[in-house]
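Now for the letters of each chain:
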Amino acid sequence: MTPLQRVIKENNTTLNPIWIMRQAGRYLPEFREIRSKNPDFIKLCLNPNLSTEITLQPLKRFDFDAAIIFSDILMLPYGLKQKVEFKKNFGPILGKLNLNEISKVEEIDFVERVQQIYKAIKNVSNNNILKDKNTIGFIGAPWTLLVYMINQQSPKKQLKKDFFENKDLINNILIIIEKFLKIHIKNQIDSGANLIQIFDSWAGLLENKDLPYYVYNPTFNLVKFTQSLNTPVICFPRNIKDYKRYCDFIKPDAICIDYEVDPLKIEKEISIPIQGGMDPKVLLTDKENIKKEATKYLDIFKDHPYIFNLGHGVLPETNPEMMEYLVKTVKDY
Ligand code: 1CP
């Protein structure tokens, strides 16, 4: 078993494996070099040779315990033929959502549009560097994908005023999203992903009363589906107010926490394996502070199954040398 599997399946508390959200990305000069020659982000995600290379870049530098496949949660709307573009210094821009068009997309059309991702997962998981390590596949949670698909861009702090207006559209789209997420999860697992992370980046935008419909129920279905394929799931409902209630409802194999929650409170309330927490901005400071902050999390979770990660993606301005120091600190703990 890999170190991550030993934490997740056996509740091991001595290993402290580490991987980092957005570990394949802009803080690495070798990524920026490939990116500068490939201005179309979607095309880059669909180039299996390059996406394999990008996925493996951080593992060549650092002793991470997992690779996360270089792709994006928005490849789902792309696979459903909604237009998706990434504009420099702005983020994703999606085309207008057309229920009629999306309803016509069949499984084989979807798989054909995204199958290069599965090819990259095959390449990555077969690479020797991943011996005794995990290949992490991922999806966006239905709620977060609904947000991008209806809002057509990042909600940043809030949703459009009329976001919830067309309930009929929302209900239908949620059913379609769930159906294709299951297809996407199954294909990633069949290609070699042995752990799935579900990113619900905008879970924090909802009021409590709306959580069962938009977050708990659809995410629970996907967690159950993934577990039925004998694959563990980590959920990251970023900025959700009540992580315990989320875990009680959804029952993921592990829960990833953001940097705004109190890790002491989480440790007391939640018994399943925990991942993440440290503020990515810590990596912009100095080694002494990195050691202090990383040790804080490792101390709090020393008797708890714990996977080291950050409480959000690594920032593009991070110096790779600081990442190296973080990995060393965690491994030497
Ligand atoms: O070079 C660039 O400009 C592209 C930047 C970039 C990268 C490196 C985007 C655009 N996506 C990715 C890769 C990515 N995205 C990965 C794989 C690499 C890795 O983790 O090492 C993963 C897991 C994601 C997941 C993702 N995409 C999320 C969930 C996590 C999170 O950050 O909250 C979300 C919300 C997205 C949408 C997205 N894609 C890209 C951007 C800039 C965004 C966020 C836009 C926003 O703020 O709303």
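It should be emphasised that the depicted structure is a prediction, and the values quoted were computed from it without experimental measurement.

What counts and how
- Residues numbered from 1 in each chain as written.
- Predicted model: local features only at pLDDT ≥ 70, side-chain atom pairs only at ≥ 80, totals over all residues.
- Heavy atoms only, no water.
- Helix = DSSP H or I, 4+ residues; strand = E, 2+ residues; numbered from the N terminus.
- Rg over C-alpha atoms; globule rule 2.2 N^0.38 Å.
- Buried < 20%, exposed > 50% of the residue type's maximum accessible area, 1.4 Å probe, protein only.
- Contact = heavy atoms within 4.5 Å.
- Areas by Shrake-Rupley, 256 points an atom, 1.4 Å probe, with all protein chains shown as cover.
- Lys, Arg positive; Asp, Glu negative; His and termini not counted.
- Charge placed at Lys NZ, Arg CZ, Asp CG, Glu CD.
- Pairing = 2+ DSSP bridges.
- Polar contact = N/O pair within 3.5 Å; in protein donor to acceptor, adjacent residues only side chain to side chain.
- Near = heavy atom within 4 Å.
- Nonpolar A, V, L, I, M, F, W, Y, C, P; charged D, E, K, R; others polar.
- Core = buried A, V, L, I, M, F, W, Y, C linked by side-chain atoms within 4.5 Å.

Chemist: Can you lay out the overall build of the protein chain for me, pointing to particular residues and giving the numbers?
Modeler: Along the backbone of the protein chain there are 14 helices and nine strands. Against the 2.2 N^0.38 benchmark of 20 Å for 333 residues, the protein chain shows a C-alpha radius of gyration of 19 Å, consistent with a compact globule. Its C-alpha atoms give the protein chain principal-axis dimensions of roughly 55 × 45 × 35 Å. Here the protein chain holds 333 residues, and the buried ones make up 57% of them. Counted over contacts in the protein chain with a minimum sequence separation of 6, partners at least 24 positions apart contribute 74%. Of the roughly 15,000 Å² of accessible surface on the protein chain, a fraction of 48% belongs to carbon and sulfur atoms. Taking the average place of the 46 positive charges on the side chains of the protein chain and the average place of its 41 negative ones, the gap between the two points comes to 3 Å.

Chemist: Got a sec to walk through the sheet that holds strand β6 (residues 233-236)? Specific residues and values, please.
Modeler: Pairing is parallel across the open sheet formed by seven strands, whose spatial order is β1-β4-β5-β6-β7-β8-β9. Among the strands making up the open sheet, the edge pair consists of β1 (66-68) and β9 (306-307). Judged from the two bridges that link them, strand β8 (residues 274-276) and β9 form a sheet pairing that is parallel. Considered in β9, the bridge of Ile-274 is made with Tyr-306.

Chemist: Tell me about the side chain of Lys-133, residues and numbers included.
Modeler: Positionally, Lys-133 belongs in the loop between α7 (107-126) and β4 (134-140). Since its relative accessible area comes to 18%, Lys-133 is described here as buried. Engagement of the side chain of Lys-133 in a polar contact is seen with the backbone oxygen of Phe-64, the distance being 2.6 Å. Other than its neighbours up to four places away in sequence, Lys-133 contacts Thr-2, Leu-59, Asp-63, Phe-64, Asp-65 and Asn-194.

Chemist: Can you lay out the site of the ligand for me, pointing to particular residues and giving the numbers?
Modeler: Residues in close proximity to the ligand total 24 residues, the closest being Arg-35, Asp-72, Tyr-148, Ser-154 and Ser-201. Side-chain polar atom of Asp-72 to a nitrogen atom of the ligand: 2.6 Å apart, as the coordinates give it. Between Tyr-148 and the ligand, the recorded distance is 2.5 Å, taken from a side-chain N or O atom to an oxygen atom. Coverage of the ligand by the protein amounts to 88% of the 880 Å² it exposes when considered alone. Partitioning the shell around the ligand into residue classes produces 13 nonpolar, five polar and six charged.

Chemist: Which residues make up the nonpolar core, and what values go with them?
Modeler: With 122 residues, the main nonpolar core has Phe-110, Trp-143, Leu-146, Phe-308 and Leu-326 as its most contacted residues. Residue contributions to this core peak at eleven residues, all from helix α9 (residues 167-190). Dropping the residues within four chain positions of it, Leu-326 is found in contact with Ile-18, Ile-20, Met-278, Leu-283, Ile-290, Ala-294, Phe-308 and Leu-310.

Chemist: Account for unusual backbone geometry, naming residues and giving values.
Modeler: For Arg-22, which is not a glycine, the phi torsion comes out positive at approximately 65°. Looking at the secondary structure, you find Arg-22 in the loop between α1 (3-10) and α2 (29-37).

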